[in-house]
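Close look at the chain arrangement
Given next are the chains, with one letter for each unit.
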Amino acid sequence: MSSGTIPILKIGPTLLATIQVDLHDTVVDAFQNDVLEEIEKTGSSGLIIDISALETVDSYVARTLANTGKMAKLMGTETVIVGMRPAVAATLVRMGYFMSGIRTALSLQEGLELQAERLQKPESE
Amino acid sequence: MELGIQPDYMKILKLDDEEVKRRFDFFELTEEDFRRLTELKSFANRCTQEITEGLYELIMNHPESRAFFPDEATLSRVKRMQNAYFLHLFSGTYDLNYVRDRLRVGAAHERIGMPPKLYLGAYRRYLALIHERLLDHFKGNEAESIKALETIRKIIFFDMALAFDTYIAAYLETMTRHQAAIRELSTPVIKVYDRILLLPIVGTVDTQRANQIMETVLVQVVEQQARVIIIDIAGVPVVDTKVADHILQTTAAVQLLGAQTVLTGISASVARTVIQLGVELTRVDTRAKLSEGIELALSIIGKKIASKKKRDPEDED
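The model shown is predicted, which means the values in this text are computed figures rather than measured ones.

Attention now moves to the overall build of chain B. Check the secondary structure of chain B and you find 13 helices and five strands. Counting every position in chain B, which comprises 317 residues, the buried fraction comes to 24%. Considering only intrachain contacts with a sequence separation of at least 6, the fraction spanning at least 24 residues in chain B is 78%.

Structure follows, in structure tokens:
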């Protein structure tokens, strides 16, 4: 299990992290470590980060989350960030931070579907 | 107002017993003043006609103010109301009902569009007329007439304050209503199909509107769990770098939510300017016509528009 405050659950081939606490710099750093270690341990092929509970996301947190996705990708794991709130999206974009290269989905449900689709045709991406 | 509904100014201006008391305090209206006003009742009854006539002499001598009283019937009606107003000053009860009546008078002036300058100017003549009559009434007793005038001045200023508060509240009301109407009109988000939204943008897009468009789009996408939002800019007269930038931002934000944007309504001239300006719109899915945009959106959610199969020849005609 993870050592930080954010639980990372394994559902089949996918890891699910639901963030429900405010993300301070140290928390998000710890989270990045936990996720990567968990991927190494389980060899999961997909990662879903649910941020629907977050009302604010600062640029450091956004960058760390995006980087986590890119790091996971290097380890062969596809990341989907789900449930971003409108206000968060607007703020990030206004700050010029587009999180390019990261997949997103409207809800956890859609994120799971996206991961499942990807598994069915693994060479498509 | 337009619908015949009077806004509740008592509520808007938060006029309760305490507020009225605070106002009386500030205008230094004391029990003594109220008593003096009540004592002047017979004086008021005697000279209200004269004062009203004097007031309307001023009003009717100036084309700007005369315009508010187009015919004899209106004039005699407002004169009657003026008399009633005057007598009410000396009625003896100065409570919430008094205030409500004063607000009604203020609202009536606002409704007919009487500008404050005329309202205030007429009040000046009004006070002068009252002063004249008071000197006459207290013949020789100057001290008493000064006291009486001061009392009347207090209550009249108290009334004017209420009228002005009504003016301002009414303007604010109208403004808020218009702003809300414009806001709503400027970003109509239409559900085209299950999980496909359409936002036609008509008119100039400035920064404020762009921000509002982005907000509406994002909220609607999440609320309706839309997969695709089609933004149609056929009605935007000029697409410059700024507008293009706003569109790019909105597109990026929609992407962050996990949905997609399709941009349609791009005319030849818009395409030309955008490229000449060096704006990078290639990251956005674009189409010339809205119909093509809808087709694209459908294909994104895994649907397509197909022609109906021809029926068997036997079934025809």
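Okay, the overall build of chain A next. Each helix and strand in chain A was counted, giving four helices and five strands. Counting from the amino terminus, helix and strand elements in chain A follow one another as β-β-α-β-α-β-α-β-α. Residue burial in chain A is summarised as follows: out of 125 residues, 40% are buried. The long-range share in chain A, meaning contacts at least 24 apart out of those at least 6 apart in sequence, stands at 77%.

Okay, the interface of chain B and chain A next. Residue-level contacts link 14 residues of chain B with 15 residues of chain A. Elements with a contribution of two residues or more to the side of chain B that touches chain A: α10 (207–223) and α11 (241–257) of chain B. If one sorts the elements of the side of chain B that touches chain A by residue count, α11 of chain B sits on top with six residues. In terms of residue class, the side of chain B that touches chain A is built from nine nonpolar, four polar and one charged.

What follows deals with the packing of helix α3 (residues 86–94) of chain A against α11 of chain B. Interhelical geometry of α3 of chain A versus α11 of chain B gives an angle of 135° and a closest axis separation of 9 Å. Classed by the angle they form, the pair α3 of chain A and α11 of chain B counts as oblique. Remark: the crossing between α3 of chain A and α11 of chain B carries right-handed chirality. Along its contact with α3 of chain A, which presents Pro86, Ala89, Ala90, Leu92, Val93 and Arg94 of chain A, the element α11 of chain B presents Gln249, Ala252, Ala253, Leu256 and Leu257 of chain B.

All names here are of chain A. As paired elements, strand β1 (residues 8–11) and strand β2 (residues 14–18) share four bridges and run antiparallel to each other. Residue pairing for β2: Lys10 is matched across the bridge by Leu15. Joining the antiparallel neighbours β1 and β2 is a turn of two residues, in which Gly12 adopts a positive phi near 55°.

Glancing now at the pairing of strand β1 (residues 190–193) of chain B. Where β1 of chain B meets strand β2 (residues 196–202) of chain B, three bridges bridge the pair, whose relative direction is antiparallel. Looking at β2 of chain B, one finds that Lys191 of chain B is bridged to Leu197 of chain B.

Quick look at the packing of helix α4 (residues 41–60) of chain B against helix α8 (residues 116–137) of chain B now. Residues and elements named next belong to chain B. At their nearest, the axes of α4 and α8 sit 9 Å apart, and the two run at 145° to each other. Here α4 runs over α8; the crossing is right-handed. Contacts between α4 and α8 involve Phe43, Cys47, Glu50, Ile51, Gly54, Leu55, Leu58 and Ile59 on the former and, on the latter, Ala122, Arg125, Tyr126, Leu129, Ile130, Arg133 and His137. In terms of residue class, the contact of α4 with α8 is built from 10 nonpolar, two polar and three charged.

Residue and element names in this part refer to chain A. Pairing is mixed in the open sheet, where five strands are placed in the order β1-β2-β3-β4-β5. Edge positions in the open sheet fall to β1 and β5 (103–105), since each of these has one partner strand only. Going across the sheet, the axis of each strand differs from the next one's by a mean of 25°, ignoring polarity.

Moving on to the sheet that holds β1 of chain B. All names here are of chain B. Ordered by their spatial adjacency, five strands build an open sheet running β1-β2-β3-β4-β5, and the pairing between neighbours is mixed. Pairing within the sheet leaves two strands with one partner each, and these edge strands are β1 and β5 (285–286). Strand direction decides the pairing type here: β2 and strand β3 (residues 228–235), joined by six bridges, are parallel. Counted as the bridge partner of Val202 is Gly235 from β3.

Right, let's get into the confidence of the model for chain A. With 93% of its residues at a pLDDT of 70 or more, chain A shows a mean pLDDT of 86. Across chain A, element-level confidence peaks in strand β3 (residues 46–50) of chain A with a mean pLDDT of 94 and bottoms out in helix α4 (residues 108–120) of chain A with 88.

Let us look at the nonpolar core. In terms of nonpolar packing, the biggest core is built from 67 residues, with Ala89 of chain A together with Leu218, Val221, Ile229, Ile230, Ala253 and Leu257 of chain B touching the most fellow members. The leading source of residues in this core is α11 of chain B, at eight residues. Once residues lying within four places of it in the same chain are set aside, the contact partners of Leu218 of chain B are Pro86, Ala89 and Ala90 of chain A together with Ala253, Val254 and Leu257 of chain B. Listed in part, the 19 residues of the second largest apolar core include Tyr9, Ala107, Ala148 and Ile152 of chain B.

For the rest of this paragraph, the subject is the environment of Arg111 of chain B. Residues and elements named next belong to chain B. For Arg111, the location among the structural elements is in helix α7 (residues 96–111). Its 12 C-beta neighbours within 10 Å are what place Arg111 among the exposed residues. Distance from Arg111 to Ala170, taken between C-alpha atoms, is 8.6 Å for residues 59 residues apart in sequence.

The rules we used
Residues numbered from 1 in each chain as written. Chains lettered and ligands numbered in written order. Predicted model: local features only at pLDDT ≥ 70, side-chain atom pairs only at ≥ 80, totals over all residues. Helix = DSSP H or I, 4+ residues; strand = E, 2+ residues; numbered from the N terminus. Buried ≥ 20, exposed ≤ 12 C-beta atoms within 10 Å, placed from the backbone. Contact = placed C-beta atoms within 7 Å. Nonpolar A, V, L, I, M, F, W, Y, C, P; charged D, E, K, R; others polar. Axes fitted to C-alpha atoms, helices over the stretch in contact; angles between N-to-C directions. Parallel < 35°, antiparallel > 145°, perpendicular 65-115°, else oblique. Left-handed = near helix turned anticlockwise from the far one by under 90°. Pairing = 2+ DSSP bridges. pLDDT = per-residue confidence, 0-100. Core = buried A, V, L, I, M, F, W, Y, C linked by C-beta atoms within 7 Å.

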